[in-house]
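A look at the structure
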Amino acid sequence: VAVHDGAAKRNQVFRTSLHIPLPTRPVVGDLMIVDHAEKLENGEAIVGNPLVANQLALVPTYRPTLSRQERTEVNFAVSLILEPGAPLPFAKLTLNDAGAPLSSVALPLHPPDPDGRLLAVGRIPIASIPAGHYELELTIGSGPSAQTRRAELTLTDTSTGASRMDITRLKDFGARYAQA
């Protein structure tokens, strides 16, 4: 590091090492509301892309406002890096309304790839949930080492212009992912 002190008219050079510890596992990415999935052509899959599985690329929504007229469920995803060979951690999804839990379910996780990478995908039916502002909360692990990720979500009863083809593709992705 080079430092120039203009007031003292002095220059100094310091050398120091920077230690960045490896992340402890599990590493939990951001919880994303998924807008749609796009089918990749043969050979187009990007190795290591955390949003690609089963030849489908997930596209997160940048405006988490979804119409109950256009969709019957909310799709979500989270990237995880787990310790290879270790037991799968407990995962719980909670739907909160103004900070109060409305419902909570265990989220089944599939075994990760040999490097410990896993794209966990799930969906929540929204037919019985009234229009309003909500928060999805995903907890991975238990006890003091548990990690929580949140994503805001607004459900409306008006059209947002979503493509029915995109929604169909996403349902296909969920079905294929569940079989993998």
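Just so we're clear, the structure is a prediction, and the values are computed from it rather than from any experiment. (Residues numbered from 1 in each chain as written. Predicted model: local features only at pLDDT ≥ 70, side-chain atom pairs only at ≥ 80, totals over all residues. Heavy atoms only, no water.)

If you tally the helices and strands in the protein, you get one helix and 13 strands. Helices (α) and strands (β) of the protein occur, in sequence order from the N terminus, as β-β-β-β-β-β-β-β-β-β-β-β-β-α. When contacts within the protein are restricted to residue pairs at least 6 apart in sequence, those whose partners lie at least 24 apart make up 70%. For the protein, the accessible area works out to roughly 11,100 Å², and carbon and sulfur atoms hold 56% of it. (Helix = DSSP H or I, 4+ residues; strand = E, 2+ residues; numbered from the N terminus. Contact = heavy atoms within 4.5 Å. Areas by Shrake-Rupley, 256 points an atom, 1.4 Å probe, with all protein chains shown as cover.)

The subject of this paragraph is the nonpolar core. Grouped together as the largest cluster of nonpolar side chains are 26 residues, with contacts concentrated most on Val 74, Leu 80, Leu 136 and Leu 155. Beyond its immediate sequence surroundings of up to four residues, Val 74 is in contact with Ile 33, Leu 66, Gly 122, Arg 123, Ile 124, Ile 126, Leu 136, Leu 153 and Leu 155. Listed in part, the eight residues of the second largest apolar core include Met 32, Ala 37, Leu 58 and Val 121. (Core = buried A, V, L, I, M, F, W, Y, C linked by side-chain atoms within 4.5 Å. Buried < 20%, exposed > 50% of the residue type's maximum accessible area, 1.4 Å probe, protein only.)

To continue, consider the confidence of the model for the protein. On average, residues of the protein score 80 in pLDDT, and 77% of them reach the 70 mark or higher. For the protein, per-element mean pLDDT is lowest for helix α1 (residues 164-179), which scores 44, and highest for strand β12 (residues 132-140), which scores 95. In this model residues 163-180 is a low-confidence stretch, pLDDT under 50, and it forms 39 contacts with partners more than four residues away in sequence or in other chains. (pLDDT = per-residue confidence, 0-100.)

So, on to the pattern of salt bridges. Evaluation of the coordinates by the stated rule reveals five salt bridges. Ionic pairing is found between Arg 123 and Glu 73, a salt bridge with its closest N-O pair at 3.4 Å. On the criterion of sequence distance, the pair formed by Arg 123 in strand β11 (residues 117-125) and Glu 73 in strand β8 (residues 73-81) is long-range, its members being 50 residues apart. On the basis of relative accessibility, which here comes to 37%, the residue Arg 123 falls in the partly exposed class. A salt bridge links Glu 137 to Arg 150; the nearest nitrogen and oxygen atoms lie 3.2 Å apart. Remark: Arg 150 occurs in strand β13 (residues 147-156) and Glu 137 occurs in strand β12; sequence separation between them is 13 residues. Each member of the salt-bridge network shares a partner with another, and the members are Glu 135, Glu 137 and Arg 150. (Salt bridge = Lys/Arg side-chain N within 4 Å of Asp/Glu carboxyl O.)

Here the phi dihedral of Ala 98 falls at roughly 55 degrees; this positive angle occurs in a residue that is not glycine. By the element assignment, Ala 98 lies in the loop between β9 (91-97) and β10 (100-106).

So, on to the sheet that holds β12. Taken together, the five strands give an open sheet; going across it, the order is β7-β13-β12-β9-β10, and neighbouring strands pair in mixed fashion. Bordering the open sheet on either side are β7 (65-67) and β10, each of which pairs with just one other strand. Adjacent strand axes in the sheet meet at a mean angle of 30 degrees, parallel and antiparallel pairs treated alike. Bridge analysis of β9 against β12 gives six bridges, and the strand direction is antiparallel. Note that in β12 the partner of Asn 96 across the bridge is Glu 135. (Pairing = 2+ DSSP bridges. Axes fitted to C-alpha atoms, helices over the stretch in contact; angles between N-to-C directions.)

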